[in-house]
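What follows is each chain in one-letter form.
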Amino acid sequence: MQVPETRLNLVVRLRDPADGEAWTQFLAEYEPFLLNLFRRRGLQEADVRDVAQQVLMSVAGRVSEWQPDGLPASFRRWLTTIARNAAVKFLARKTRRPQVDLGAVGRVPAAGDQASAELEYRQQALAWALEQIRDEFRPSSWAAFRETAMQARPVEDVCAELGLSAGAVYMARSRVMARLREKSKEFDPDDATV
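Just so it is clear, the structure is predicted and the values come from calculations on it, not from any experiment.

Applying the stated criterion to the full structure yields 9 aromatic pairs. Ring geometry for phenylalanine 75 against tryptophan 78: centres 5.5 Å apart, planes inclined by 40°, an arrangement best described as tilted. Of this pair, phenylalanine 75 and tryptophan 78 both sit in helix 4 (residues 74–96), separated by 3 residues, roughly a single helical turn. Tryptophan 78 gets classed as buried once you look at its relative accessible area, which sits at 16%. Ring centres of phenylalanine 137 and tryptophan 142 lie 6.3 Å apart, and the angle between their planes is 35°; on these two criteria the pair is classed as tilted. Residue class for tryptophan 142 comes out buried when judged on its relative accessible area of 6%.

Given below as structure tokens:
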């Protein structure tokens with residue numbers, strides 16, 4: 001699958017998180033490309049959407065930094081670089097240690113081995129950090145985070161339910177995740193792998 005042709009006016013519109021139409025168009029054009037890219041990189045189907053959402057959150061948070069260099073492919077190169085970096089980071093993180101399932105907070109993992117003990121510890125750290133930061137965010141931002149990150153609901157469904165644009169949902173999720181990582185360092189300063 002080819003990278004979609006860049007429409008500079010669409011990219012500029014993405015800088016406005018309230019422009020739901022721009023984000024809808026962007027998702028329709030670029031999400032299939034990202035999903036295919038991650039499948040070709042060998043990610044399991046269960047991980048493909050997670051990494052694509054990480055890339056879309058990065059784009060939402062950093063699109064205002066992107067500056068055209070006069071070449072039509074500059075945005076495509078920028079997006080592809082973000083996507084490749086996200087895939088590499090994901091695969092490296094996955095091989096280093098067990099991942100924390102945001103949706104599993106509050107559930108007790110099966111007892112027995114070292115990995116489940118480490119996972120239980122991480123879930124406790126995550127639960128503590130979530131509780132500590134919750135009041136720092138508007139209810140709509142927290143709901144966008146909770147529904148997309150913890151409940152793994154599709155962004156489009158959450159947008160419709162909360163009356164937010166996709167860009168606003170991605171920005172809210174990104175902000176909460178960044179704060180969550182920061183707060184997790186207080187629980188264990190040597191490890192913040194949320």
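Structure's up, so let's keep going.
Turning our eyes to something else, we now look at the nonpolar core. Counting 53 residues, the largest nonpolar core has Phe26, Leu34, Phe38, Val55, Val59 and Phe145 as its most contacted members. It is helix 2 (residues 20–40) that provides the largest number of residues to this core, a total of 10 residues. With sequence-adjacent residues up to four places away left out, valine 55 is seen in contact with Leu34, Phe38, Leu79, Ile82, Ala83 and Ala86.

Of note in this structure, alanine 152 is not a glycine but carries a positive phi near 55°. Inspection of the secondary structure puts alanine 152 in the loop between helix 6 (139–150) and helix 7 (155–162).

This paragraph deals with the pattern of salt bridges. All told, the structure shown has 11 salt bridges when counted by the stated rule. Here arginine 146 and glutamate 147 are joined by a salt bridge, their closest N and O atoms 3.0 Å apart. Glutamate 161 is the partner of arginine 153 in a salt bridge, and the nearest nitrogen-oxygen pair spans 3.0 Å. Among the residues examined, arginine 153 registers a relative accessible area of 23% and is labelled partly exposed.

With their axes 9 Å apart at the nearest point, helix 2 and helix 3 (residues 45–62) run at an angle of 135° to one another. With respect to helix 3, the axis of helix 2 lies oblique. Crossing of helix 2 against helix 3: the hand is right-handed. Of helix 3, the residues touching helix 2 (which contributes Trp23, Phe26, Leu27, Glu31, Leu34, Leu35, Phe38 and Arg39) are Glu45, Val48, Arg49, Val51, Ala52, Val55, Leu56, Val59 and Ala60. A class-by-class count of the residues in the contact of helix 2 with helix 3 yields 13 nonpolar, no polar and 4 charged.

Rules of the game
- Residues numbered from 1 in each chain as written.
- Predicted model: local features only at pLDDT ≥ 70, side-chain atom pairs only at ≥ 80, totals over all residues.
- Heavy atoms only, no water.
- Phe/Tyr/Trp six-rings, centres within 6.5 Å; stacked < 30°, edge-to-face > 60°.
- Helix = DSSP H or I, 4+ residues; strand = E, 2+ residues; numbered from the N terminus.
- Buried < 20%, exposed > 50% of the residue type's maximum accessible area, 1.4 Å probe, protein only.
- Core = buried A, V, L, I, M, F, W, Y, C linked by side-chain atoms within 4.5 Å.
- Contact = heavy atoms within 4.5 Å.
- Salt bridge = Lys/Arg side-chain N within 4 Å of Asp/Glu carboxyl O.
- Axes fitted to C-alpha atoms, helices over the stretch in contact; angles between N-to-C directions.
- Parallel < 35°, antiparallel > 145°, perpendicular 65-115°, else oblique.
- Left-handed = near helix turned anticlockwise from the far one by under 90°.
- Nonpolar A, V, L, I, M, F, W, Y, C, P; charged D, E, K, R; others polar.

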